[in-house]
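For reference, the chains in residue letters:
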Amino acid sequence: MRIRLTDVAKGRRDEALPPTSLAYASGEARLALAETEQRPTVLGLIASGRMAPDVGTVTIDGRADAATLRRAVALVDAPDVCDPAPNVTVAGMVAEELMFAGRPSNPVSARRWLEAEGFGAIARTPVADVSPRERVALLLGLTALRPGVEGMVLVSPDRHGGHPAEWWELAESFADRGFAMLVVAGEAAAIVLEGRAQRADAAADTGAAAEEVTEAEQVAEAEQVAEAEQVDEPRAPAAASAPESAPASAPATDQVPGHDATPDPAASSDALPEPGPEPDPTSESEDRDEPEGDR
């Protein structure tokens with residue numbers, strides 16, 4: 001699965017989101033930059049198919065299909081959209097997410113899931129007091145349980161503090177599991193992760209170039225196949241006629257020394273004329289005498 005945003009923008013004079021191009025795909029973790037309080041959420045909504053841009057295009061596997069994009073990509077921890085309430089306990093948040101995943105969501109099931117994932121000690125801790133790494137790990141792990149989810153857009157994990165490498169490692173771990181991971185963060189986090197986190201805007205350029213190269217390779221391969229077929233077509237008749245040419249070379253043994261061994265094509269059909277009736281000598285002499293009177 002590959003999602004591509006091409007020159008998308010939102011708002012009057014593009015204030016909500018300036019023209020942005022990026023791409024992310026299955027098995028990859030990509031970092032997208034967005035500053036101000038609103039732009040990360042707007043970009044996350046557009047990248048996950050939950051908001052239509054005013055201009056530009058959003059495609060999934062080359063098709064503009066917002067419904068398919070919404071089913072395949074989940075939006076995670078977007079402020080004022082899908083972030084958990086700060087005063088809810090971790091166990092309460094887990095129970096709600098298990099319900100979205102179609103799993104038993106009672107308190108016992110929530111606690112069992114937390115213990116299995118190593119978070120049993122923070123079951124009664126309010127979400128607002130959970131460390132940044134634990135928060136992101138919980139939200140990504142619970143979102144991955146939802147059926148049909150193939151990718152996740154994590155919005156502004158840097159707003160919770162902590163070192164960016166912590167939540168970036170989590171994004172990479174889910175990419176290793178086959179998910180398409182897009183993390184929207186600010187410039188400061190991008191500077192810290194420079195050289196490690198691959199940028200989504202760069203992926204958009206390389207992805208387009210890779211698609212062009214692939215198409216060119218397909219065209220070149222088709223041309224090579226067509227040329228090979230044209231070369232092979234005359235070879236079959238030549239091979240079939242080879243045995244027929246063998247008898248033509250047999251008379252070469254009877255050639256007179258000093259004469260050209262190359263057969264005369266014009267004489268080949270008349271080399272052995274059939275014997276005809278013997279000419280009449282009388283009529284031949286008469287034919288010779290007739291022209292003399294005219295001379």
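Located above this text is the structure these notes cover.
Everything numeric here is computed off the predicted structure, so don't read it as measured data.

## Things to note about the environment of Ala66
Locating Ala66 in the fold gives a position in helix α2 (residues 66–72). Separated by 18 residues in sequence, Ala66 and Ser48 place their C-alpha atoms 8.3 Å apart.

## Structural notes on the nonpolar core
Counting residues in hydrophobic clusters, the biggest one holds 41 residues, and the most contacted among them are Met152, Trp168 and Met181. Once residues within four sequence positions are removed from consideration, Trp168 is found in contact with Ala29, Arg30, Leu31, Val183, Leu193, Arg196, Ala197 and Gln198. In this structure, Ala34, Leu43, Val58 and Val73 belong to the second largest nonpolar core, which totals 26 residues.

## Details of the packing of helix α5 (residues 132–143) against helix α6 (residues 164–176)
Running from N to C, α5 and α6 cross one another at 20°; their axes reach a closest spacing of 9 Å. When the interaxial angle is binned, α5 and α6 end up roughly parallel. The element α5 and its partner α6 pack so that their crossing is right-handed. For the pair formed by α5 and α6, the contact residues are Arg133, Val136, Ala137, Leu140 and Gly141 on the first element and Glu166, Trp167, Leu170 and Phe174 on the second.

## Looking at α6
Since there are 3.6 residues in each turn of an α-helix, residues three or four apart along the chain are aligned in direction. Given a rise of 1.5 Å per residue, 13 residues ought to cover 18 Å, and the 18 Å separating the end C-alpha atoms of α6 matches this to within 8%. The complete set of buried residues in α6 reads Pro164, Ala165, Trp167, Trp168, Leu170, Ala171, Phe174 and Ala175. Among the structural elements, β3 (29–33), α5, β6 (151–155), β7 (180–185) and α7 (187–192) are those in contact with the buried residues of α6. Backbone geometry just downstream of α6 places Gly178 in the positive-phi region, at approximately 105°.

## Re the sheet that holds strand β2 (residues 17–25)
One open sheet holds the three strands; their spatial order is β2-β1-β4, and the pairing between them is antiparallel. The sheet terminates laterally at β2 and β4 (55–60), the two strands that pair on one side only. In this sheet, neighbouring strand axes are inclined to one another by 10° on average, regardless of whether the strands run parallel or antiparallel. Pairing analysis gives five bridges linking strand β1 (residues 2–10) to β4, with the strands arranged antiparallel. Each residue of the ladder has a partner; that of Ile3, found in β4, is Ile60. The sheet strands contacting helix α1 (residues 39–47) are β1, β2 and β4, and the helix crosses β2 at an angle near 50°.

## Structural notes on the pattern of salt bridges
When charged atoms on two side chains of opposite charge get close, those side chains can pair. Inspection of the entire model under this criterion finds nine salt bridges. For Glu169, the salt bridge goes to Arg196, with nearest N and O atoms at 3.7 Å. Pair noted here: Glu169 is in helix α6 and Arg196 is in the loop between α7 and α8 (200–232), with a separation of 27 residues, a long-range link. Judged by relative accessible area, which is 38%, Glu169 ranks as partly exposed. In this structure, the salt-bridge partner of Arg196 is Glu172, at a minimum N-O distance of 3.3 Å. Residue Arg196 is found in the loop between α7 and α8, and its partner Glu172 is found in helix α6; the two are separated by 24 residues along the sequence. Look at the salt bridges and you will find they share partners, linking Asp77, Arg135 and Arg159 into a network.

## Describing the sheet that holds β6
Strand order in the open sheet made by the four strands is β3-β7-β6-β5, with parallel pairing throughout. A single partner strand is all that each edge strand has here, and the edge strands are β3 and β5 (73–76). Averaged over all pairs of adjacent strands, the angle between strand axes in this sheet comes to 20°, irrespective of strand direction. Direction of pairing for β5 relative to β6: parallel, over a ladder of four bridges. The residue of β6 that forms the bridge with Ala74 is Met152. The sheet strands contacting α5 are β5, β6 and β7, and the helix crosses β5 at an angle near 155°. On the sheet, α6 packs against β3, β6 and β7 and is oriented at approximately 160° with respect to β7.

Rules used throughout
- Residues numbered from 1 in each chain as written.
- Predicted model: local features only at pLDDT ≥ 70, side-chain atom pairs only at ≥ 80, totals over all residues.
- Heavy atoms only, no water.
- Helix = DSSP H or I, 4+ residues; strand = E, 2+ residues; numbered from the N terminus.
- Core = buried A, V, L, I, M, F, W, Y, C linked by side-chain atoms within 4.5 Å.
- Buried < 20%, exposed > 50% of the residue type's maximum accessible area, 1.4 Å probe, protein only.
- Contact = heavy atoms within 4.5 Å.
- Axes fitted to C-alpha atoms, helices over the stretch in contact; angles between N-to-C directions.
- Parallel < 35°, antiparallel > 145°, perpendicular 65-115°, else oblique.
- Left-handed = near helix turned anticlockwise from the far one by under 90°.
- Expected span 1.5 Å × (residues − 1).
- Pairing = 2+ DSSP bridges.
- Salt bridge = Lys/Arg side-chain N within 4 Å of Asp/Glu carboxyl O.

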